[in-house]
Amino acid sequence: MTSFLASSRVPMLLVLVLFTLTSLTGSSLGNFYQDFDIIWGDWRAMILNDGELLNLNLDQASGSGFQSKNEYLFGKIDMRLKLVPGNSAGTVTAYYLQSKGSAWDEIDFEFLGNLSGDPYILHTNVYSQGKGEKEQQFYLWFDPTADFHTYSILWNPQRIIFYVDGSPIREFKNMESIGVPFPRYQPMRIYSTLWNADDWATRGGLVKTDLSKAPFTASYTSFNASNACVWINGASSCDTNNFSPPAWLSEDLDSTNLDKLQWVQTNNMIYNYCTDAKRFPQGFPPECNMS
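Residues numbered from 1 in each chain as written. Predicted model: local features only at pLDDT ≥ 70, side-chain atom pairs only at ≥ 80, totals over all residues. Heavy atoms only, no water.

Peer 1: Which residues make up the packing of aromatic side chains, and what are the values?
Peer 2: According to the stated counting rule, one finds 16 aromatic pairs in the structure shown. Seen from their ring centres, Phe 109 and Tyr 151 are 5.9 Å apart, and the 70° between their planes marks the pair as edge-to-face. A residue pair is termed long-range when its members are at least 10 positions apart, and Phe 109 in strand β7 (residues 106-112) and Tyr 151 in strand β10 (residues 149-155) qualify at 42 residues. For Tyr 151, a relative accessible area of 0% puts it in the buried group. Arranged with centres 6.2 Å apart and planes meeting at 5°, the rings of Phe 172 and Phe 182 form a pair that is stacked. Within this pair, whereas Phe 172 is found in strand β12 (residues 167-173), its partner Phe 182 is found in the loop between β12 and β13 (189-196), the two being separated by 10 residues in sequence. Judged on exposure class, the residue Phe 172 and its partner Phe 182 are both buried. A connected cluster of aromatic rings, assembled from ring pairs, spans Phe 32, Phe 36, Phe 66, Tyr 220 and Phe 223. The lysine or arginine in question, Lys 76, covers the ring of Tyr 163, its NZ or CZ lying 5.6 Å from the ring centre. (Phe/Tyr/Trp six-rings, centres within 6.5 Å; stacked < 30°, edge-to-face > 60°. Helix = DSSP H or I, 4+ residues; strand = E, 2+ residues; numbered from the N terminus. Buried < 20%, exposed > 50% of the residue type's maximum accessible area, 1.4 Å probe, protein only. Lys NZ or Arg CZ within 6 Å of the ring centre and 35° of its normal.)

In structure tokens, the structure reads:
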């Protein structure tokens, strides 16, 4: 017995270390039972396939939503989504990071539904200290209802980058040096909701949700927050002297990804607050004047 315990001591210690690291840095391919709580909609939010799939539903009575158990302060976070098919006009599927309080920070993906055959609009926004108004909107280059696609947020102290299937579509840089607030101090949870927003979502509210088509369903899988700093008891899992900082914490866009970003913004962007002169008759926000 003594020799067995001695021989198994190192593997057991290794298992404990690996378990601790996984707990601190978040799951790799997550399990929805372990990583999220249903916060709205009762049975309309369903976790299936032993925690590998989550469906949100919207019907005549209510939408539904979930939030992460963990808070994060910086991270590279992936989720695969399949959006409401068919006539999704008036519906919004929101997938975002948000902090607490009246001066909250937020990083948004919002998918605005449309009539059958018309494309979804992907709406993005960044809030800091409770103020947003930094919208960019895109048409996707595929049908987001036919299969799952990966929507990712890279959030580090220097920048926020929105990705779709690994291609960057938007970069919001830290420009605190010229007075632009940047979400850098408040930990955020991951949220997603499916709800009826037909007062504004489709063609400015002209097209209403056809609730006779309910339930509407959006599906989620393959959550990955292994590259994220979990905020626990006022401290970050990345604040340790025992490990070097992860590469993503200072990640930038290389020349290949800058070309991809330029292509998407040239070919698929349909709205940019930085070019909306009617909205800002007194002059554009200061970040819009930076290259």
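Continuing now.
Peer 1: Give a description of unusual backbone geometry that names residues and reports values.
Peer 2: Residue Ala 214 is joined to Pro 215 through a cis peptide bond whose omega torsion reads 5°. You can see Pro 215 is positioned in the loop between β13 and β14 (216-232). Notably, Asp 42 is not glycine yet its phi reads approximately 55°, a positive angle. Among the secondary structure elements, Asp 42 is positioned in the loop between β1 (36-40) and β2 (45-48). Residue classification places Asp 42 among the exposed positions, given a relative accessible area of 61%. Look at Phe 74: it is not a glycine, yet its phi comes out positive at around 85°. As for its placement among the helices and strands, Phe 74 is situated in strand β5 (residues 71-82).

Peer 1: Quick rundown of the pattern of salt bridges? Include the residues and the values.
Peer 2: Once their charged atoms are close, side chains differing in charge can pair, the charge on each being opposite to the other. In total, this model carries 8 salt bridges according to the counting rule given. Where Lys 76 meets Glu 251, a salt bridge forms, and the shortest distance between an N and an O atom there is 3.4 Å. Highlighted residues: Lys 76 in strand β5 and Glu 251 in the loop between β15 (235-236) and α3 (255-267), separated in sequence by 175 residues. Across the pair Arg 184 and Glu 176 runs a salt bridge whose closest N-O atoms are separated by 2.9 Å. Overall, Glu 176 belongs to the partly exposed group, its relative accessible area being 27%. (Salt bridge = Lys/Arg side-chain N within 4 Å of Asp/Glu carboxyl O.)

Peer 1: How would you explain the layout of surface pockets if you had to name every residue and give the values?
Peer 2: Approximately 390 Å³ is the volume found for the largest pocket. Surrounding the largest pocket, 15 residues form its lining, Gln 136, Glu 171, Gln 265, Glu 287 and Met 290 being those nearest its centre. Elements with a minimum of two residues in the lining of the largest pocket: β12 and α3. Here the lining of the largest pocket gets 4 residues from one element, more than from any other, and that element is β12. Taken together, the residues of the lining of the largest pocket break down into 7 nonpolar, 4 polar and 4 charged. (1 Å grid on protein atoms, 1.4 Å probe; cavity = no way out; pocket = protein on both sides within 12 Å on 5 of 7 lines; lining within 4 Å. Points joined across faces, edges and corners; volume = space filled by probe spheres on them. Nonpolar A, V, L, I, M, F, W, Y, C, P; charged D, E, K, R; others polar.)

Peer 1: Quick one: what's the story with the side chain of Ser 219, residue by residue and with numbers?
Peer 2: Within the secondary structure, Ser 219 sits in strand β14. Judged by its relative accessible area of 10%, Ser 219 is buried. Within the structure, Ser 219 has its side chain in polar contact with the side chain of Asn 55 (distance 2.7 Å). Setting aside chain neighbours within four positions, we find Ser 219 in contact with Leu 53, Leu 54, Asn 55, Arg 80, Leu 81, Lys 82 and Phe 148. (Polar contact = N/O pair within 3.5 Å; in protein donor to acceptor, adjacent residues only side chain to side chain. Contact = heavy atoms within 4.5 Å.)

Peer 1: I'd like a description of the UniProt feature "glycosylation site" (unreviewed entry) in the chain, backed by residues and values.
Peer 2: Residues annotated by UniProt as "glycosylation site" (unreviewed entry) correspond here to Asn 114. You can see Asn 114 is positioned in the loop between β7 and β8 (121-127). Filtering out sequence-adjacent residues up to four positions away, Asn 114 remains in contact with Gly 86, Asn 87, Ser 88, Ala 89, Pro 119, Thr 202 and Arg 203. (UniProt positions renumbered as here; feature names shortened; annotations may be inferred.)

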